[in-house]
Amino acid sequence: MGKGFDRLILRRCLCPLFIALLPVFQGMGQGQRELTSVSSPHAATLGIDADFPGGNVRVEQIIADTVYFGPDLRDTSGEWFYWNFRALSSIPKTWYFKATKSNLMTGLGAAYSLDGGETWHWLDRNDHLSDRLFSFTFDRADQAVRFSMGMPYTQRDLARFLTGFQGDHRIALDELCISERGRSVEKLAIGSRSASPSYNVLVTARAHACEMMGNYVMEGMISALLSETPEMKALAEQVSFWFIPFLDKDGVEDGDQGKNRIPRDHNRDYSGESIYASTRSLREQVPKWVGYVPWVGIDLHNPWIKGENNEWIYFVGNANPAISSEQERLVEILAKGHRGPMKFTENEGFLPFGVAWNTGSNYDQGASFGQWAAGFHGRGLKMVTTLEFPYALNHGQMVTTEGAHAFGVDLMYALGEYLDIGK
């Protein structure tokens, strides 16, 4: 939290759980995990905190039964929209939560979790009161509920997902590097162990820490690849994959925006000398890994929070016409063959270079992953692409973690067909 964040307010009606937690919150450094609580005239207490991986909130004030909140932009240039907090009501009661600025909620409002962030749901339509206001009725005393602009995904979620593949010799959990704050940046190696596979495929996510939906897509890709269908068994036998779930690992765990990070974000760190360990390690390790084997790069992202070009699934066209042509071929295959619930059309599934935001001026801060990888065209790169997967709405349909997972499955099958493997 910044210097303007309200200090802890205590009343005699403060619930026992917060009293027990008080020493923890008082001991937090840098003011980033402070707790705010308020008492209503009816002896109701509401506590707000972000003291968990991925937590982020700035509470401006609490007046009567309404919380006025926004995102903590502690290391972000300009405005962004990621927030993720926990609220605890001392009694059954309806509380109101009002965003202090516009564009802080998706077209579906906010997401909530009743089990500490393990599962997420979008608010009921009746609780999404406006573009800046939602309500929630706590149905029992001392109930803790998490709220977020999306469906957060942290290291804990990855660990839970990977337990389903314990003992599977086809997947190896390795380390790309150690982050600036001493965390392990995971690298999952899956597929062919041959020194000369047919292809190498690199899949990355969370170059922008807040873009969590890419991890659910990645889960679907991995699940498909490790399935027992003939197509996927052939793909895993002939192609070597690297999956990097959290390029900005510190940002993910600390609850940062990541996008427009000062002095530059991870997806503008591919020109000159990289300032982050993860991007620097990719630039060093990938050329050695691929060698003379043709390779593909897929970078998973989420777009702006809502509106045009942000509420449907699409791939971002590369400035290199030859690479762009390969991207369009993958899009065509995916549009014709996808089977999951997420709508995907060939027409809107590709944003050519030079259209809308996809222009050279968008990269003034530095080169992106796609621009860096495109430099290997003619030297082994077959195709590189960026996927933009929306937070909440896709052609008017609700985006869910299950839907994102299913799209990842479709993408892996399309990739197998694109590489002409597993038919």
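Keep in mind the model is a prediction, meaning the values are calculated, not measured. (Residues numbered from 1 in each chain as written. Predicted model: local features only at pLDDT ≥ 70, side-chain atom pairs only at ≥ 80, totals over all residues. Heavy atoms only, no water.)

1. So, the packing of helix H7 (residues 321-337) against helix H9 (residues 401-418)
- Between H7 and H9, the shortest axis-to-axis distance is 9 Å and the interhelical angle comes to 120°. Between H7 and H9, the interaxial angle falls into the category oblique. Between H7 and H9 lies a crossing of right-handed hand. Along the contact surface, H7 presents Glu 326, Arg 329, Leu 330, Ile 333 and Leu 334, while H9 presents Phe 407, Asp 410, Leu 411, Ala 414, Leu 415, Glu 417 and Tyr 418. (Axes fitted to C-alpha atoms, helices over the stretch in contact; angles between N-to-C directions. Helix = DSSP H or I, 4+ residues; strand = E, 2+ residues; numbered from the N terminus. Parallel < 35°, antiparallel > 145°, perpendicular 65-115°, else oblique. Left-handed = near helix turned anticlockwise from the far one by under 90°. Contact = heavy atoms within 4.5 Å.)

2. Some remarks on the confidence of the model for the protein
- With 89% of its residues at a pLDDT of 70 or more, the protein has an overall mean of 90.
- The low-confidence segment residues 1-34 (pLDDT under 50) makes 56 contacts with residues lying over four places distant or belonging to another chain. (pLDDT = per-residue confidence, 0-100.)

3. Focus: empty space enclosed by the protein
- Counted under the stated rule, the structure contains 2 cavities of 30 Å³ or more.
- If you add up the space inside the largest cavity, you get close to 50 Å³.
- As for the largest cavity, its lining consists of 13 residues, and the residues nearest its centre are Tyr 82, Tyr 153, Arg 206, Ala 209 and Val 252.
- Residues that form the lining of the largest cavity fall into these classes: 7 nonpolar, 4 polar and 2 charged.
- Estimated volume of the second largest cavity: approximately 40 Å³.
- Considering the residues around the second largest cavity, the lining is formed by Tyr 153, Leu 158, Phe 161, Asn 215, Met 218, Glu 219, Ile 222 and Pro 245. (1 Å grid on protein atoms, 1.4 Å probe; cavity = no way out; pocket = protein on both sides within 12 Å on 5 of 7 lines; lining within 4 Å. Points joined across faces, edges and corners; volume = space filled by probe spheres on them. Nonpolar A, V, L, I, M, F, W, Y, C, P; charged D, E, K, R; others polar.)

4. Quick look at the nonpolar core
- If you look at the biggest cluster of nonpolar residues, it comprises 99 residues, and the most contacted ones within it are Ile 48, Trp 83, Phe 97, Phe 147, Phe 241, Phe 243 and Met 412.
- Excluding anything up to four places from it in sequence, Phe 241 contacts Leu 188, Ala 189, Ile 190, Val 201, Leu 225, Leu 235, Trp 289, Met 412 and Leu 415.
- Counting 25 residues, the second largest nonpolar core, distinct from the first, contains Leu 247, Trp 289, Ala 367 and Ala 374. (Core = buried A, V, L, I, M, F, W, Y, C linked by side-chain atoms within 4.5 Å. Buried < 20%, exposed > 50% of the residue type's maximum accessible area, 1.4 Å probe, protein only.)

5. With respect to the layout of surface pockets
- Of the voids in this model, the largest pocket is the one considered here, and its volume is about 590 Å³.
- Around the largest pocket, the lining comprises 35 residues; the ones closest to its centre are Arg 268, Trp 357, Asn 362, Tyr 363 and Glu 388.
- When contributions to the lining of the largest pocket are tallied by element, the ones reaching two or more residues are strand E16 (295-301), strand E17 (314-316), helix H8 (369-374) and strand E19 (381-388).
- Its residues assigned to classes, the lining of the largest pocket shows 12 nonpolar, 17 polar and 6 charged.

6. Digging into the pairing of strand E3 (residues 58-63)
- For E3 and strand E4 (residues 66-70), the ladder comprises 5 bridges, and the chain directions are antiparallel. Residue pairing in the sheet places Ile 63 in a bridge with Thr 66 of E4. (Pairing = 2+ DSSP bridges.)

7. Describing the pattern of salt bridges
- All told, the structure shown has 21 salt bridges when counted by the stated rule.
- Here Glu 186 ties to Lys 249 by a salt bridge, and the two come within 2.9 Å at their closest N and O atoms. With Glu 186 in strand E13 (residues 184-191) and Lys 249 in helix H5 (residues 249-254), this residue pair connects regions lying 63 residues apart in the sequence.
- Judged by its relative accessible area of 7%, Glu 186 is buried.
- We note a salt bridge from Glu 332 to Lys 336, for which the minimum N-O separation is 3.0 Å. Residue Glu 332 and its partner Lys 336 are both found in helix H7; the two are separated by 4 residues, about one turn of the helix. (Salt bridge = Lys/Arg side-chain N within 4 Å of Asp/Glu carboxyl O.)

8. Thoughts on unusual backbone geometry
- The omega torsion across Ile 262 and Pro 263 is 10°, close enough to zero to call that bond cis.
- Structurally, Pro 263 is set in the loop between H5 and helix H6 (277-290).
- Here the phi dihedral of Ala 356 falls at roughly 55°; this positive angle occurs in a residue that is not glycine.
- Along the chain, the position of Ala 356 falls in the loop between strand E18 (350-351) and H8.
- When its relative accessible area of 45% is taken as the criterion, Ala 356 is described as partly exposed.
- With phi around 55°, His 395 is a residue other than glycine that occupies positive phi space.
- Summarising the element assignment, His 395 is placed in the loop between strand E20 (393-394) and strand E21 (397-398).

9. Observations regarding the sheet that holds E16
- Spatially, 8 strands are ordered E12-E13-E15-E14-E16-E19-E17-E18 in an open sheet, and the strand pairing comes out mixed. Edge positions in the sheet fall to strand E12 (171-178) and E18, since each of these pairs with one other strand and no more.
- Bridge count between E16 and E19: 7 bridges; the pairing is parallel. In the sheet register, Trp 295 faces E19, and the bridge partner there is Leu 381.
- Running over the sheet, helix H4 (residues 230-238) touches E13, strand E14 (199-205) and strand E15 (239-244) and is turned about 85° from E15.
- Contacting E14, E15, E16, E17 and E19, H9 runs over the sheet at an angle of about 160° to E19.

10. Examining the environment of Pro 390
- Note that Pro 390 resides in the loop between E19 and E20.
- On a C-alpha basis, the gap between Pro 390 and Asn 302 in space is 5.5 Å, while along the polypeptide they are 88 residues apart.
- In this structure, Pro 390 is in contact with Met 213, Pro 303, Asn 310, Glu 311, Trp 312, Ile 313 and Val 399, ignoring residues within four places of it in sequence.

11. Notes on the packing of aromatic side chains
- Applying the stated criterion to the full structure yields 32 aromatic pairs.
- Here the aromatic rings of Phe 389 and Phe 407 are separated by 5.6 Å at their centres, their planes lie at 50°, and the arrangement is tilted. Here Phe 389, found in the loop between E19 and E20, pairs with Phe 407, found in helix H9; they are 18 residues apart in sequence, far enough to count as distant. For the pair shown, Phe 389 and Phe 407 are each scored as buried.
- Taken together, the ring pairs in this structure connect Phe 69, Trp 83, Phe 85, Phe 97, Tyr 112, Phe 134, Phe 136, Phe 138 and Phe 147 into an aromatic cluster.
- The ring of Trp 95 has Lys 93 sitting right over it, with the charged end atom 5.1 Å from the ring centre.
- The ring of Trp 242 carries the charged tip of Lys 187 above its face, separated from the ring centre by 3.9 Å. (Phe/Tyr/Trp six-rings, centres within 6.5 Å; stacked < 30°, edge-to-face > 60°. Lys NZ or Arg CZ within 6 Å of the ring centre and 35° of its normal.)

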